[in-house]
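Next come the chains, spelled out residue by residue.
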Amino acid sequence: MSLLRGLLGMELIGISVRLFLDFQEKPASLDSALILDVPLGVISRIEKMGGATSRGENSYGLDITCKDMRNLRFALKQEGHSRRDMFEILTRYAFPLAHSLPIFAFLNEEKFDVDGWMVYNPVEEYRRQGLPNHHWRITFINKCYELCDTYPALLVVPYRASDDDLRRVATFRSRNRIPVLSWIHPENKTVIVRCSQPLVGMSGKRNKDDEKYLDVIRETNRQINKLTIYDARPNVNAVANKATGGGYESDDAYHNAELFFLDIHNIHVMRESLKKVKDIVYPNVEESHWLSSLESTHWLEHIKLVLTGAIQVADRVSSGKSSVVVHCSDGWDRTAQLTSLAMLMLDSYYRSIEGFEILVQKEWISFGHKFASRIGHGDKNHADADRSPIFLQFIDCVWQMSKQFPTAFEFNERFLIVILDHLYSCRFGTFLYNCESAREKQKVTERTVSLWSLINSNKDKFKNPFYTKEINRVLYPVASMRHLELWVNYYIRWNPRIKQQQPNPVEQRYMELLALRDEYIKRLEELQLANSPKLSDPSTSPSSPSQMVPHVQTHF
Amino acid sequence: MLGKGVVGGGGGTKAPKPSFVSYVRPEEIHTNEKEVTEKEVTLHLLPGEQLLCEASTVLKCVQEDSCQRGIYGRLVCTDFKIAFLGDDESALDNDETQFKNKVIGENDITLHCVDQIYGVFDEKKKTLFGQLKKYPEKLIIHCKDLRVFHFCLRYTKEEEVKRIVSGIIHHTQAPKLLKRLFLFSYATAAQNHTATDPKNHAVMFDTLQDWCWELERTKGNMKYKAVSVNEGYKVCERLPAYFVVPTPLPEEDVPRFQGHGIPIWCWSCHSGCALLKMSALPKEQDDGILQIQKNFLDGIYKTIHRPPYETVKTEDLSSNFLSLQEIQTAYSKFKQLFLIDNSTEFWDTDIKWFSLLESSSWLDIIRRCLKKAIEIIECLEAQNMNVLLLEENASDLCCLVSSLVQVMMDPHCRTRFGFQSLVQKEWIVGGHCFLDRCNHLRQSDKEEHQRQLSLPLTQSKSSPKRGFFREETDHLIKNLLGKRISKLINSSEELQDNFREFYDSWRSKPPNYHGLLLPHIEGPEIKVWAQRYLRWIPEAQILGGGRVATLSKLLEMMEEVQRLQEKIEERHHSQEALQAEAASLLRTSARLSSLFPFALLQRHSSKPVLPTSGWKALGDEEDLAKREDEFVDLGDV
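Residues take numbers from 1 onward in each chain, read along the sequence in its written order. Naming scheme: in the order in which they are written, chains are lettered from A and ligands are numbered from 1. Where totals are concerned, whole chains, interfaces and linings use all residues; where local detail is concerned, this predicted model gives features only for residues with pLDDT of at least 70, and gives and counts side-chain atom pairs only at 80 or more. As a rule here, side-chain values cover all heavy atoms of the structure and leave hydrogens and water aside.

Strands here are runs of E lasting at least two residues and helices are runs of H or I lasting at least four, both read from the DSSP assignment and numbered beginning at the N terminus. The number of helices and strands found in chain A is 19 helices and 14 strands. By definition in these notes, contact holds between two residues if any of their heavy atoms fall within 4.5 Å. Summarising the internal contacts of chain A: among those between residues at least 6 apart in sequence, 72% fall at separations of at least 24. The Shrake-Rupley method, run with a 1.4 Å probe, gives the accessible areas here. Residue values count only the displayed protein chains as cover. Carbon and sulfur atoms make up 50% of the accessible area of chain A, which totals about 22,400 Å².

Below you can see the structure in the form of structure tokens.
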């Protein structure tokens with residue numbers, strides 16, 4: 001817990017987004033070089049604690065709740081109006097939306113060697129997947145976001161469905177989010193298609209166009225007579241959604257489809273679950289009953305269900321059993337989790353640094369995961385019911401996978417943490433706004449810097465040394481509590497007792513060996529060069545080999 | 001049809017009873033028949049080992065891709081092990097055979113490894129013991145190493161069933177005489193003990209010289225001396241023939257109370273402080289005897305309190321620490337979590353896994369052991385005190401705590417031979433009653449003596465004995481150490497503060513793997529040692545993943561570096577070009593599973609395992625769960 005007596009000073013460099021602290025009295029236990037560096041974007045709420053009559057140390061000051069599991073508490077002196085001023089300045093810059101100020105990303109003038117906005121090009125990504133082909137075409141029907149304002153401009157749809165068909169299907173899908181292709185299996189050509197729920201309603205409405213459209217999707221694989229629909233919600237919720245006009249695909253209407261519910265809970269349940277995680281790790285880590293407390297948060301149980309769902313999607317496609325349609329209610333939270341995780345399991349390309357950036361850019365950003373609403377960038381309304389850690393949960397699932405398969409990912413844990421840090425920081429434009437159309441309107445790519453610029457110009461920092469590229473290898477994590485762990489290095493990283501893991505000793509040793517290997521290879525090449533032109537000349541070979549060869553210093 | 005072939009329920013030599021479900025798919029019958037012609041499985045007996053009874057056409061049930069498969073074979077029982085001779089040892093690639101246990105095969109269960117035997121009667125599972133009236137259709141054997149075997153006896157002749165079942169029950173449950181233990185007949189028959197280079201094996205601590213070396217190594221020889229007063233076990237059978245005491249201690253004192261009340265040296269740390277242990281004097285009622293005891297102890301304490309000795313802190317493990325009963329109870333609960341009969345059981349327990357773990361208290365016990373060791377290290381290291389461990393016989397918790405302290409403080413103990421020597425010194429020569437604690441003689445009245453005491457040690461350490469870790473495991477140790485923090489037990493505030501300060505200051509520095517190494521003991525850091533406890537459970541297997549994935553990359557890199565090194569040297573010696581050897585020498589890494597090297601691949605396909613049990617009730621979040629994600633404004637759709 002950051003309970004610090006000191007002077008709070010805010011340096012506005014340019015119009016910086018950070019909070020720096022100067023300490024008037026440095027607590028003996030603290031490193032003298034300690035600077036608290038908190039991007040203002042991470043602040044979720046600021047509260048004054050104590051009043052004029054408060055007595056005792058630390059009873060008067062500011063309490064800042066952050067979106068990244070931190071709480072900061074500053075004790076201030078009561079003299080002057082330091083607190084009032086500070087509160088106002090902080091509120092103004094932490095919540096610019098309420099003050100008609102621009103989000104910091106629009107003011108950020110950082111320059112990087114690489115332009116992260118160039119990373120994702122939908123046409124190129126679909127071409128990599130072998131699209132368009134005989135069965136699937138690229139359509140520009142949503143060029144001006146007229147068909148669906150939360151979808152990207154470019155969509156991949158069945159070749160046999162006309163643009164008019166698409167328009168008719170759109171009327172039967174929540175928020176016009178029609179089924180479109182996310183991924184195609186390079187060999188068996190089964191696909192992962194995403195959409196929102198059908199607007200069945202209480203009366204059990206049907207729509208011939210929608211039914212036909214799903215059948216057309218199924219028919220892109222002639223030999224398969226079934227289409228699998230995964231509804232991410234628990235069965236009861238899907239039924240309940242009928243009351244508000246939604247619902248799910250019934251057997252009667254969709255003859256050639258089988259529907260499964262994946263029992264993943266909604267955004268509100270996830271938000272509460274994460275709150276409980278915070279309760280057991282902050283301000284102190286629950287010690288005596290750590291395991292049962294952890295269980296009572298349900299956080300890992302949710303992770304297990306999300307992973308289990310994604311495994312089923314991936315297995316269905318990988319085994320060539322059938323193509324898969326994934327939806328939840330609107331198809332921008334649970335659906336994004338499931339499609340992106342399944343794609344990560346199926347396609348090793350997404351396990352590289354750039355591949356993962358493309359995956360996030362495609363399945364999350366372009367398909368309208370409501371980052372602005374879920375995170376609340378620059379918004380002071382911390383209690384908004386729209387907030388939910390859906391993207392964090394996805395990254396957690398990725399982390400669980402990378403723990404189970406430590407050689408399968410090009411990126412390391414730091415990469416995932418940096419992504420999460422900048423999910424909140426507002427330093428980059430990457431996660432701003434709810435959908436592509438809004439981003440286009442705000443000219444985000446022109447006016448802000450991309451997070452991928454930062455990462456791709458320092459790629460080495462984010463690389464996993466154990467990475468072994470394996471094409472076409474499907475990764476199935478084991479979705480058992482026996483293997484799922486709380487991500488300590490993320491959720492409890494602010495607790496000084498839980499120190500960040502030192503560089504893993506196995507990794508450290510591996511790096512040493514890598515360096516040694518490279519040195520030997522270089523040496524060998526030099527020897528080869530020296531020896532090959534004039535084999536007979538003994539002067540090119542050193543007289544004492546032992547002087548030349550550095551022996552492996554450490555024991556094996 | 002002895003030991004031959006896989007036969008489907010419908011294709012066996014005997015007509016199957018109608019209730020039997022065939023789990024064997026036709027294609028398997030085909031492939032396995034092919035193998036039968038190539039393989040003849042024979043029983044491998046060790047020198048001195050005798051076959052006692054056997055039964056043929058026993059079906060071993062194997063879980064595979066969440067369905068059951070049966071393999072026909074012969075079930076035998078010798079005076080050393082129970083073995084199943086099927087022909088499933090097919091398709092092992094090099095890496096797998098390379099790591100096969102050479103003495104105990106995949107389908108071998110040594111008699112002492114049997115933990116519990118169950119019989120299935122009309123689908124009901126019952127514990128089997130003593131004389132049976134009725135013989136089961138199925139035998140389930142739970143092993144102490146957490147393997148679970150299912151043998152179906154439906155197709156076995158009735159006589160053979162009787163013979164094998166009662167044979168197994170008798171040989172795994174009846175009390176045994178020490179001299180009847182298999183190792184004696186083995187030793188008589190084998191007798192080819194070859195002397196090895198003393199530098200390359202563990203120190204046995206069975207000579208005066210071994211103790212002198214250890215004193216020299218730890219620089220304890222200034223203040224401590226090795227004594228031979230117990231040579232031939234004249235003083236006490238419990239004590240080793242040779243051991244180490246403070247130099248000024250008169251040797252005549254040792255026999256006074258049969259070695260009780262004597263401070264015995266365990267280890268000296270670089271600062272000169274030592275870890276000592278003492279078995280408590282017998283409890284007496286008589287005032288006169290008590291006075292004698294008191295005088296004796298006063299004399300002893302005077303000897304070791306006087307300079308050059310540091311102040312002594314006495315740590316009474318009998319009253320201030322875990323009880324043996326506690327450890328035993330926790331382990332019994334804990335191990336049960338891993339003895340899983342089938343997939344359904346695995347997934348049913350998965351949802352409440354963390355609370356099940358917690359209720360066993362095992363991880364908390366591990367945490368307390370580690371914490372006690374750190375507290376003692378704090379005394380030795382930060383307060384420059386000697387620590388005297390006191391326990392009734394100084395042979396249970398003393399062994400545990402003392403060896404943990406040494407592993408953390410002495411990098412030598414983290415090498416393979418160092419660790420073996422440590423086990424020899426503290427546990428074997430140190431007089432831990434393995435025979436009672438493991439109940440090797442199966443004396444039911446000694447039930448209360450069975451304690452899984454050495455397990456906390458290995459759990460906190462993982463096992464550096466595995467061949468593929470090679471010599472210096474200390475790099476790994478920190479990672480492998482179990483970890484945690486606990487509520488403050490029996491300690492004064494001040495002590496706690498000292499401990500905290502010491503522990504936090506150590507942790508704020510970068511770790512030196514060749515120096516003091518303290519484990520993490522915070523709640524989230526204490527985890528189940530998956531490589532030991534989950535190794536036989538197919539559902540828990542991560543194909544191509546787990547820690548073994550990075551370790552095998554590391555080993556590959558070591559090999560490559562060594563190869564390059566040799567190549568460079570060769571090049572210096574001779575000018576001949578070695579062009580033929582392309583860079584493609586790299587061994588293509590076999591895709592190992594997280595169970596490697598313990599269990600061989602049990603699932604041959606790469607199908608994912610899917611949880612079969614559903615969601616637990618959310619309780620107070622039920623209302624949230626019913627809410628809509630978004631307000632759905634449907635307009636006039």
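From this point, the narrative continues.
What follows is about the overall build of chain B. Counting its secondary structure elements, chain B contains 21 helices and 14 strands. For every residue, the accessible area (1.4 Å probe, protein chains only) is compared with the maximum for its type, and the residue is labelled buried under 20%, exposed over 50%, or partly exposed between those bounds. Relative to its 637 residues, chain B shows a buried fraction of 53%. Sequence separation of 24 or more characterises 69% of the internal contacts of chain B that already satisfy a separation of 6 or more. Total accessible area on chain B stands at roughly 29,400 Å², and carbon and sulfur atoms take up 53% of it.

Moving on: the state of the cysteines. Residues and elements named next belong to chain B. Put simply, a disulfide is two cysteine sulfurs that come within 2.5 Å. In total, this model carries zero disulfides over all chains according to the counting rule given. Unpaired in terms of disulfides, Cys-61 finds its nearest cysteine sulfur in Cys-152, a separation of 5.5 Å. Summary of cysteine pairing: Cys-369 is not part of a disulfide, and the nearest cysteine sulfur, belonging to Cys-399, is at 12 Å. A relative accessible area of 1% means that Cys-369 is categorised as buried.

Now for the environment of Asp-149 of chain A. Residue and element names in this part refer to chain A. For Asp-149, the position within the fold is in the loop between strand S8 (136-139) and strand S9 (155-158). When its relative accessible area of 48% is taken as the criterion, Asp-149 is described as partly exposed. With 288 residues separating them in the primary sequence, Asp-149 and Ser-437 have C-alpha atoms 6.4 Å apart. Setting aside its immediate chain neighbours within four residues, Asp-149 contacts Cys-435 and Ser-437.

For the rest of this paragraph, the subject is the UniProt feature "domain: Tyrosine specific protein phosphatases" (unreviewed entry) in chain A. UniProt positions are given in the numbering used here, feature names are shortened, and annotations may be inferred rather than shown by experiment. Using the residue numbers shown here, the UniProt feature "domain: Tyrosine specific protein phosphatases" (unreviewed entry) corresponds to residues 297-359 of chain A. Taken end to end, residues 297-359 of chain A is 65% helix and 8% strand, and its first and last C-alpha atoms sit 29 Å apart.

With that settled, the discussion passes to the sheet that holds strand S13 (residues 257-261) of chain A. Residues and elements named next belong to chain A. Strand pairing is defined by DSSP finding a minimum of two bridges between the two strands. The strand order across the open sheet formed by five strands is S10-S11-S14-S12-S13, and the pairing between neighbours is mixed. Only two strands of the sheet have a single partner each, and these edge strands are strand S10 (180-184) and S13. Neighbouring strand axes in the sheet, compared pairwise and without regard to direction, differ in orientation by 25° on average. As a rule, the C-alpha atoms of each element are fitted with a line to give its axis, helices using only the stretch in contact, and angles between N-to-C directions run from 0 to 180 degrees. Along the sheet, helix H9 (residues 334-346) makes contact with S10, strand S11 (191-195) and strand S14 (323-327), crossing S11 at roughly 165°.

Our focus in this paragraph is the side chain of Glu-426 of chain B. Residue and element names in this part refer to chain B. Locating Glu-426 in the fold gives a position in helix H14 (residues 416-428). Residue class for Glu-426 comes out buried when judged on its relative accessible area of 1%. Any pair of N or O atoms that falls within 3.5 Å is considered a polar contact. Within protein, one atom must be able to donate a hydrogen and the other to accept it, and sequence-neighbouring residues count only if both atoms are side-chain atoms. In terms of polar contacts, Glu-426 uses its side chain to reach the side chain of Ser-402, at 3.0 Å. A distance of 3.0 Å separates a polar atom in the side chain of Glu-426 from a polar atom in the side chain of Gln-406. Excluding residues that lie within four positions of it along the chain, Glu-426 makes contacts with Cys-266, Lys-277, Cys-399, Ser-402, Ser-403 and Gln-406.

All names here are of chain A. Taken N-terminus to C-terminus, the directions of helix H3 (residues 163-170) and helix H4 (residues 208-219) make an angle of 120°; their axes are 8 Å apart at the nearest point. As the angle between them shows, H3 and H4 are arranged oblique. Once H3 is placed against H4, the crossing between them reads as left-handed. Seen from H3, the contacting residues are Asp-165, Leu-166, Arg-168 and Val-169; seen from H4, they are Asp-209, Asp-210, Lys-212 and Tyr-213. Residue classes follow a fixed rule: Ala, Val, Leu, Ile, Met, Phe, Trp, Tyr, Cys and Pro count as nonpolar, while Asp, Glu, Lys and Arg count as charged, and any other residue, Gly among them, counts as polar. Taken together, the residues of the contact of H3 with H4 break down into three nonpolar, no polar and five charged. Reported orientations rely on four angle classes, namely roughly parallel under 35 degrees, roughly antiparallel over 145, roughly perpendicular from 65 to 115, and oblique for the rest. Left-handed is the label given to a crossing in which the near helix is rotated counterclockwise from the far helix by less than a right angle, and right-handed is the label when the rotation is clockwise.

What follows is about a nonpolar patch on the surface. Each patch is built from residues lacking any salt bridge and having more than 30% relative accessible area; the joining distance is 9 Å for like charges and 5 Å for nonpolar side chains (Val, Leu, Ile, Met, Phe, Trp, Tyr). Salt bridges, as used here, are contacts in which a Lys or Arg side-chain nitrogen is within 4 Å of a carboxyl oxygen on Asp or Glu. The grouping of Leu-178, Leu-183, Phe-184 and Leu-435 of chain B at the surface amounts to a nonpolar patch, some 340 Å² of accessible area in total. Here Leu-183 of chain B lies in helix H4 (residues 182-190).

Now for the nonpolar core. Only buried residues count toward a nonpolar core, which is a set of Ala, Val, Leu, Ile, Met, Phe, Trp, Tyr and Cys residues joined through side-chain atoms within 4.5 Å. Phe-356 and Phe-391 of chain A are the most contacted members of the largest nonpolar core, which has 179 residues in total. Considering each element in turn, this core owes the most residues, 12 residues, to helix H12 (residues 362-381) of chain B. Leave out the neighbours within four places in its chain, and Phe-391 of chain A touches Val-360, Trp-364, His-369, Phe-371, Ile-419, Leu-420, Leu-423 and Phe-431 of chain A. Within the second largest apolar cluster, 36 residues are counted, among which are Trp-136, Tyr-151, Val-325 and Phe-367 of chain A.

Here we take up the UniProt feature "active site" (unreviewed entry) in chain A. Residue and element names in this part refer to chain A. Under the local residue numbering, the UniProt record ascribes the feature "active site" (unreviewed entry) to Cys-328. Mapped onto the elements of the fold, Cys-328 is located in the loop between S14 and H9. Residue classification places Cys-328 among the buried positions, given a relative accessible area of 2%. In contact with Cys-328, not counting residues within four places along its chain, are Cys-195, Gln-197, Asp-231, Ala-232, Arg-233, Asp-333, Arg-334 and Thr-335.

The next point concerns the pattern of salt bridges. Tallying each qualifying case throughout the model produces 61 salt bridges over all chains. Asp-350 of chain B is the salt-bridge partner of Arg-482 of chain A, the closest N and O atoms lying 2.9 Å from each other. Note that Arg-482 of chain A is positioned in the loop between helix H16 (451-456) and helix H17 (488-491) and Asp-350 of chain B in helix H10 (residues 343-350), a pairing that runs across two chains. When its relative accessible area of 9% is taken as the criterion, Arg-482 of chain A is described as buried. For Glu-375 of chain B, the salt bridge goes to Lys-372 of chain B, with nearest N and O atoms at 3.6 Å. Of this pair, Glu-375 of chain B and Lys-372 of chain B both sit in helix H12, three residues apart, which is roughly one turn of the helix. Summarising the burial analysis for this pair, Glu-375 of chain B and Lys-372 of chain B share the class buried. Shared partners join several salt bridges into a network, and the residues in it are Lys-313, Glu-315, Lys-371, Lys-372 and Glu-375 of chain B.

So, on to the sheet that holds strand S13 (residues 312-316) of chain B. All names here are of chain B. Spatially, the four strands line up as an open sheet ordered S11-S12-S14-S13, and their pairing is mixed. The strands lining the two open edges of the sheet, one partner per strand, are strand S11 (264-268) and S13. This sheet shows a mean twist of 25° between the axes of neighbouring strands, independent of strand direction. One ladder, built from five bridges, connects S13 with strand S14 (residues 386-391); its direction is parallel. The residue of S14 that forms the bridge with Thr-314 is Leu-388. Here H12 sits on the sheet and contacts strand S12 (274-279), S13 and S14; the angle it forms with S14, its principal contact strand, is near 145°.

All right, on to H10 of chain B then. All names here are of chain B. Here H10 has its buried residues at Ser-343, Phe-346, Trp-347 and Asp-350. Mapping the buried residues of H10 onto a view down its axis gives an arc of 85°, with all of them on the same face. The residue sitting at the N-terminus of H10 and contributing the capping side-chain oxygen is Asn-342; that oxygen lies 3.2 Å from the backbone nitrogen of Thr-344. The arc in question is the one spanned by the directions pointing from the helix axis to the C-beta atoms.

Residues and elements named next belong to chain A. For strand S7 (residues 71-75), a buried count of four out of five residues is recorded, marking the element as mostly surrounded by other parts of the structure. As judged from the five bridges shared by strand S6 (residues 61-66) and S7, these two strands associate in the antiparallel manner. Residue pairing for S7: Gly-61 is matched across the bridge by Ala-75. Counting the residues that bridge the hairpin from S6 to S7 gives four residues, and of these Met-69 lies at a positive phi of roughly 75°.

With that settled, the discussion passes to the confidence of the model for chain A. All names here are of chain A. Averaged over all residues, the pLDDT of chain A equals 88, while 88% of them reach at least 70. Taken together, the stretch residues 23-33 has pLDDT below 50 and engages in nine contacts with residues farther than four places along the chain or on a different chain. Per residue, pLDDT measures the predictor's confidence, with a range of 0 to 100. Low pLDDT, under 50, characterises residues 535-556; the stretch is placed with 38 contacts to residues that sit more than four places away or in other chains.

Examined against the element boundaries, Arg-218 of chain A turns out to sit in helix H4. Its relative accessible area of 11% is what places Arg-218 of chain A among the buried residues.

Moving on: the packing of helix H13 (residues 397-409) of chain B against H14 of chain B. Residue and element names in this part refer to chain B. Close contact between H13 and H14 brings their axes to 10 Å; oriented N to C, the two are set at 150°. One element, H13, and the other, H14, form an angle in the roughly antiparallel class. For H13 against H14, the interelement crossing comes out right-handed. Contacts between H13 and H14 involve Cys-399, Leu-400, Ser-402, Ser-403, Gln-406 and Val-407 on the former and, on the latter, Phe-419, Leu-422, Lys-425, Glu-426 and Trp-427. Looking at the contact of H13 with H14 residue by residue, the classes come out as six nonpolar, three polar and two charged.

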